[in-house]
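Given next are the chains, with one letter for each unit.
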Amino acid sequence: MRIVVVGSGGREHALAYVLGKEHEVVVAPGSSAIGQYFDLSDKDPLDIDADLYVIGPEQPLVDGLADRLREHSKAVFGPSKEGARLEGSKAFLKDVLVAAKVPTAEHRSFSDLSHALAYVESMKPPYVIKTDGLAEGKGVLVTEELSEAKEDIVAKMTGRRFNGAGRTIVIEEGLVGKELSLFALCDGRNAVALPAATDYKRLLEGNEGPNTGGMGAYAPLSWASDSLQEEILDTLVKPTLKELLRRGVQYRGVLYAGVMVTDSGPKIIEFNVRFGDPETQVVLPKVEEDLGDILLECAVGEIDTRPKVSSKSLLTVVLAAPGYPLSTKTGAEIAGVQRASKRDGVKVFFAGTSYDSERDVFVVSGGRVMAVTGEGPTLLEARSRAYSAVSEITFEGMHYRSDIGA
Ligand code: AMP
Ligand code: GLY
């Protein structure tokens with residue numbers, strides 16, 4: 001098949017890498033760094049001829065790209081604009097979860113500041129404050145401190161943070177337990193699970209510092225049994241698909257379940273309507289069947305059995321630019337990428353990296369610069385490969401977590 005992967009980050013690089021094993025891949029628009037390995041196109045995806053369109057990031061989904069392609073009878077892996085509201089609007093998400101009776105945190109939405117402040121004062125810690133709208137995983141505050149929660153509410157509701165993504169907020173009960181990311185491949189009615197992964201959302205070692213888009217990940221998780229993953233499909237994912245269908249939404253794409261496994265069972269923290277980044281980099285290479293065929297089955301409404309996966313472990317470490325996640329400084333030259341990539345069992349996925357062809361160097365162009373990924377028969381081996389590869393790479397102000405998978 002000829003497959004268009006829409007997007008330009010580490011997740012799309014990983015999608016292109018795995019799909020590219022069996023198929024011709026075009027990344028649209030991709031990046032100059034990804035362009036070192038794959039064909040790129042900066043055309044509107046609709047103007048690129050292909051057998052399958054795989055849409056990576058949430059924004060084009062929220063903007064209705066999948067609908068536009070389907071209007072032209074294209075096979076698309078990615079939900080419609082209406083389905084993408086699960087991620088685009090926390091208030092919509094909660095509405096669907098309540099209607100589908102899916103276990104999740106107690107919560108309320110607010111557009112009035114004084115009501116929001118009164119409500120948070122009536123709650124117990126930890127306090128969880130979210131914006132309504134896309135904030136790329138960076139719009140969430142989880143804190144034990146009431147004063148910090150109140151400050152954050154004021155900042156979010158008055159729009160001082162996150163530009164347009166502020167104003168309506170959701171205040172939630174803090175869930176306590178073990179967190180995992182599960183990718184459910186959905187064909188509108190049915191869903192199958194890929195192996196669960198864990199993501200490190202906080203910036204600093206020991207899970208300190210602000211939330212980020214994700215600083216590292218690994219898979220599989222020794223504590224997440226197949227039966228737990230099936231339970232997540234049955235109690236969280238499938239009821240959501242059914243409720244969407246009742247509302248006229250045929251959800252064909254990945255539902256990324258952010259799950260807290262609590263003492264009283266798994267609960268949804270959030271659904272995303274795309275693959276997670278950097279979890280994709282550690283999950284997709286485990287798939288042993290043809291991923292293109294599987295995603296096509298979802299696109300045409302025929303997903304049936306859980307894909308076969310290898311038992312190997314993968315672990316990825318995100319190298320971040322100075323200032324990330326607040327204000328990122330770009331432009332630094334990156335050394336050692338080729339050396340790192342040549343190591344056994346190592347793959348470097350480019351995110352905020354560009355390639356300067358005149359100077360023949362990779363350059364920092366975004367906050368999360370690259371995901372350095374190791375694989376091996378055990379997590380320990382995957383980890384040691386990833387970190388040895390990281391030690392080859394340098395750029396000014398580079399920072400990363402040294403405790404991924406520790
Ligand atoms: P989100 O963008 O909704 O995924 O939130 C980012 C991170 O904040 C999650 O991955 C969790 O670690 C944490 N978080 C969000 N909501 C809750 C909650 N209700 N209880 C506990 N932790 C949460
Ligand atoms: N790694 C978290 C996310 O993709 O939202």
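Rules used throughout
Residues numbered from 1 in each chain as written. Chains lettered and ligands numbered in written order. Predicted model: local features only at pLDDT ≥ 70, side-chain atom pairs only at ≥ 80, totals over all residues. Heavy atoms only, no water. Near = heavy atom within 4 Å. Polar contact = N/O pair within 3.5 Å; in protein donor to acceptor, adjacent residues only side chain to side chain. Helix = DSSP H or I, 4+ residues; strand = E, 2+ residues; numbered from the N terminus. Nonpolar A, V, L, I, M, F, W, Y, C, P; charged D, E, K, R; others polar. Core = buried A, V, L, I, M, F, W, Y, C linked by side-chain atoms within 4.5 Å. Buried < 20%, exposed > 50% of the residue type's maximum accessible area, 1.4 Å probe, protein only. Patch = residues over 30% accessible without salt bridge, like charges linked within 9 Å, V, L, I, M, F, W, Y side chains within 5 Å. Areas by Shrake-Rupley, 256 points an atom, 1.4 Å probe, with all protein chains shown as cover. Salt bridge = Lys/Arg side-chain N within 4 Å of Asp/Glu carboxyl O. Lys, Arg positive; Asp, Glu negative; His and termini not counted. Charge placed at Lys NZ, Arg CZ, Asp CG, Glu CD. Phe/Tyr/Trp six-rings, centres within 6.5 Å; stacked < 30°, edge-to-face > 60°. Lys NZ or Arg CZ within 6 Å of the ring centre and 35° of its normal. Pairing = 2+ DSSP bridges.

(A) The arrangement of the site of ligand 1 in detail. Around ligand 1 sit 17 residues, and of these Glu172, Leu175, Glu179, Lys201 and Glu270 come closest. Between a nitrogen atom of ligand 1 and a side-chain N or O atom of Glu172, the distance comes to 2.6 Å. Lys201 has a polar side-chain atom sitting 3.3 Å from an oxygen atom of ligand 1. Sorting the residues of the shell around ligand 1 by element identifies strand E7 (127-131), strand E9 (169-173) and strand E17 (265-272) as the ones contributing at least two each. Taken together, the residues of the shell around ligand 1 break down into 7 nonpolar, 3 polar and 7 charged.

(B) Up close: the nonpolar core. Ranked by internal contacts, the top residues of the largest apolar core, which has 108 residues, are Leu86, Leu180, Leu185 and Met370. Counting 13 residues, the second largest nonpolar core, distinct from the first, contains Val120, Tyr127, Ile129 and Met157.

(C) Main features of a negative patch on the surface. A cluster of like negative charges, contributed by Glu22, Glu288, Glu289, Asp293, Glu297, Glu302 and Asp304, occupies part of the molecular surface. Examined against the element boundaries, Asp293 turns out to sit in helix H10 (residues 291-300).

(D) Spotlight on the site of ligand 2. Around ligand 2, the structure places Asp199, Lys201, Gly213, Tyr256, Asn272, Arg274, Gly276, Asp277, Pro278 and Glu279. The contact in question runs from a nitrogen atom of ligand 2 to an N or O atom on the side chain of Asp199, over 2.8 Å. Between Asp277 and ligand 2, the recorded distance is 2.8 Å, taken from a backbone N or O atom to a nitrogen atom. Expressed as a share of its isolated accessible area of 190 Å², the protein-covered part of ligand 2 is 94%. In terms of residue class, the shell around ligand 2 is made up of 2 nonpolar, 3 polar and 5 charged.

(E) Quick peek at the packing of aromatic side chains. For the structure shown, the criterion picks out 10 aromatic pairs. For the pair Phe77 and Phe275, a centre-to-centre distance of 5.9 Å together with 20° between the ring planes defines the contact as stacked. Of this pair, Phe77 sits in strand E5 (residues 76-77) while Phe275 is found in the loop between E17 and helix H9 (279-283), placing the two residues 198 residues apart along the sequence. Site record: aromatic cluster; members linked through ring pairs are Tyr37, Phe350, Tyr355 and Phe362. Across the ring face of Tyr119, the terminal group of Arg108 is positioned such that the distance to the ring centre comes to 4.9 Å.

(F) Structural view of helix H1 (residues 10-19). With 9 of 10 residues buried, H1 is to be regarded as a mostly interior element. When H1 is considered as a whole, its buried residues turn out to be Gly10, Arg11, Glu12, His13, Ala14, Leu15, Ala16, Val18 and Leu19.

(G) Seen up close, unusual backbone geometry. Looking along the chain, the bond that leaves Ala28 and enters Pro29 is cis, with omega of -5°. Looking at the secondary structure, you find Pro29 in strand E2 (residues 24-29). Along the chain, Pro125 connects to Pro126 via a cis peptide bond; the corresponding omega equals -5°. With respect to the helices and strands, Pro126 occurs in the loop between helix H6 (113-121) and E7. In this structure, Asp360 is a non-glycine residue whose phi angle is positive, near 55°. Within the element layout of this structure, Asp360 appears in the loop between strand E21 (353-356) and strand E22 (361-364).

(H) Main features of the pattern of salt bridges. Within this structure, the stated rule accounts for 24 salt bridges. The residue Lys94 makes a salt bridge to Glu172 at a minimum N-O spacing of 3.1 Å. Taken together, the positions of Lys94 in helix H5 (residues 90-99) and Glu172 in strand E9 put the pair 78 residues apart, joining distant regions of the chain. Looking at Lys94, the relative accessible area reads 3%, which means it is buried. Glu333 is the salt-bridge partner of Arg359, the closest N and O atoms lying 2.6 Å from each other. In this pair, Arg359 is assigned in the loop between E21 and E22 and Glu333 in strand E19 (residues 333-334), connecting sequence segments 26 residues apart. Shared partners join several salt bridges into a network, and the residues in it are Asp95, Glu243, Arg246 and Arg247.

(I) Looking closely at the pairing of strand E23 (residues 368-376). The buried count for E23 comes to 7 of 9 residues, which makes it a mostly enclosed element. With 8 bridges joining them, strand E18 (residues 313-320) and E23 adopt antiparallel strand pairing. When the sheet's bridge partners are listed, Ser313 is paired in E23 with Gly376.

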